[in-house]
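Now for the letters of each chain:
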Amino acid sequence: MKRLALVITIVLLATLKVAAQKQEITSAITVYPTFQPATVILTSGRKMEIPLANIFLKNGALLYMSGDDIKEANMQTILRAEFADRSYIRIDSMLCYQVDSVGNDALFCTKVIDIKAYKQSRANSANITNLDLTALTTTSSTLSYNTIEATDISELQFPVEDVYYYRLDDKFVRVHERHLKRTLSKEKRQIMESVMNMPGFTWTNEKYLMMILEKIQ
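This is a predicted model, so every value here is computed, not measured.

Caption draft 1: Structural context of the overall build of the protein. Tallying secondary structure elements over the protein gives five helices and 13 strands in all. Here the protein holds 217 residues, and 37% of them are scored as buried. Sequence-distant contacts in the protein: of pairs separated by 6 or more residues, those separated by 24 or more amount to 56%. Here the protein displays about 12,900 Å² of accessible surface, and carbon together with sulfur accounts for 51% of that area.

Caption draft 2: Region of interest: the nonpolar core. The biggest cluster of nonpolar side chains holds 40 residues, and the ones touching the most others in it are Leu 62, Phe 83, Tyr 166, Leu 180 and Trp 203. Not counting residues within four places of it along the chain, the set of residues in contact with Trp 203 comprises Tyr 164, Val 175, His 176, Glu 177, Leu 180, Met 192, Met 196, Leu 209 and Ile 212.

Caption draft 3: Structural context of the environment of Gly 103. Looking at the secondary structure, you find Gly 103 in the loop between strand 8 (94-102) and strand 9 (105-113). On the accessibility criterion, Gly 103 (71% relative accessible area) is exposed. For Gly 103 and Glu 214, which are 111 residues apart along the polypeptide, the C-alpha to C-alpha distance reads 9.3 Å.

Caption draft 4: Quick peek at the packing of aromatic side chains. For the structure shown, the criterion picks out six aromatic pairs. Here Tyr 88 and Tyr 97 contribute two aromatic rings whose centre-to-centre distance is 6.1 Å and whose plane-to-plane angle is 85°, an arrangement assigned as edge-to-face. With a relative accessible area of 4%, Tyr 88 lands in the buried category. What links up through ring pairs into an aromatic cluster is the set Tyr 32, Phe 83, Tyr 88 and Tyr 97. Positioned over the ring face of Tyr 97 is Arg 86, at 3.7 Å from the centre of the ring.

Caption draft 5: Up close: the pattern of salt bridges. Under the criterion given, the structure shown has five salt bridges. Across the pair Lys 111 and Asp 162 runs a salt bridge, and its minimum N-O distance is 2.8 Å. Placement of the pair is Lys 111 in strand 9 and Asp 162 in strand 12 (residues 158-168), with a sequence separation of 51 residues. What makes Lys 111 partly exposed here is its relative accessible area of 30%. Ionic pairing is found between Lys 181 and Glu 177, a salt bridge with its closest N-O pair at 3.0 Å. With Lys 181 and Glu 177 both in helix 3 (residues 177-183) and four residues apart, this pair spans about one turn of that helix. Its relative accessible area of 26% is what places Glu 177 among the partly exposed residues.

Caption draft 6: Structural detail: the side chain of Asn 54. Looking at the element boundaries, Asn 54 is found in strand 3 (residues 47-55). Here the side chain of Asn 54 touches Tyr 32 through a polar contact of 2.9 Å, landing on its backbone oxygen. With residues near it in sequence (within four places) discarded, Asn 54 still touches Thr 30, Val 31, Tyr 32, Thr 34, Phe 35, Ala 61, Leu 62, Leu 63 and Phe 83.

Caption draft 7: Spotlight on the pairing of strand 7 (residues 87-91). Note: strand 6 (residues 78-82) against strand 7, three bridges, orientation antiparallel. Residue Arg 80 lies in a different strand from strand 7, and its bridge partner there is Ile 89. Counting the residues that bridge the hairpin from strand 6 to strand 7 gives four residues. Looking at chain direction, strand 7 and strand 8 are connected through three bridges and run antiparallel. Bridge pairing links Ile 91 to Met 94 in strand 8. Where strand 7 folds back on strand 8, the antiparallel hairpin that results is connected by two residues, among which Asp 92 adopts a positive phi of roughly 50°.

Rules used in this analysis
- Residues numbered from 1 in each chain as written.
- Predicted model: local features only at pLDDT ≥ 70, side-chain atom pairs only at ≥ 80, totals over all residues.
- Heavy atoms only, no water.
- Helix = DSSP H or I, 4+ residues; strand = E, 2+ residues; numbered from the N terminus.
- Buried < 20%, exposed > 50% of the residue type's maximum accessible area, 1.4 Å probe, protein only.
- Contact = heavy atoms within 4.5 Å.
- Areas by Shrake-Rupley, 256 points an atom, 1.4 Å probe, with all protein chains shown as cover.
- Core = buried A, V, L, I, M, F, W, Y, C linked by side-chain atoms within 4.5 Å.
- Phe/Tyr/Trp six-rings, centres within 6.5 Å; stacked < 30°, edge-to-face > 60°.
- Lys NZ or Arg CZ within 6 Å of the ring centre and 35° of its normal.
- Salt bridge = Lys/Arg side-chain N within 4 Å of Asp/Glu carboxyl O.
- Polar contact = N/O pair within 3.5 Å; in protein donor to acceptor, adjacent residues only side chain to side chain.
- Pairing = 2+ DSSP bridges.

The following block contains the structure:
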């Protein structure tokens, strides 16, 4: 019995180790390694060409250079942003890209720093304040923004998580059991649970997330 318990413990520890290894770790705080051109469409319909833009991994917000300053746009004014490699739309104040679609419904994703996991991994979480914004908020005729203090955080390592959303009947829903149960009908919840019970299912496996989306049509 003791030997069996030991084997089970070893297997569990190995499983946890593999799971931990799957989370992306980065020293970057932006999606792109360098700032680059982007076309930004505001909620007013206005289109703006931003010479140097990026996406903040802290919260999925749009960043742009203004002189020597890095500024974070007020996401309530942003409708979407188009970079060279992909287009993003604003969902819950974050820029998300489309993974795939089924008819008019679709799966979207954004990458953000897992602040909770980062704090748990450090006995002293004081350095997390290096990601905070200054209190200065400025509003112009174009974009509302916060100015970010440039702080050297190159030695820090951040765990990154993928956050997913479904577009269902033109409404966006966070892809998570709790949120979906509040949104889906009883029949569709049962379909979702049947996929959840499949071997290998996780809420970050896009194959299964698309399977749910296809089955609840």
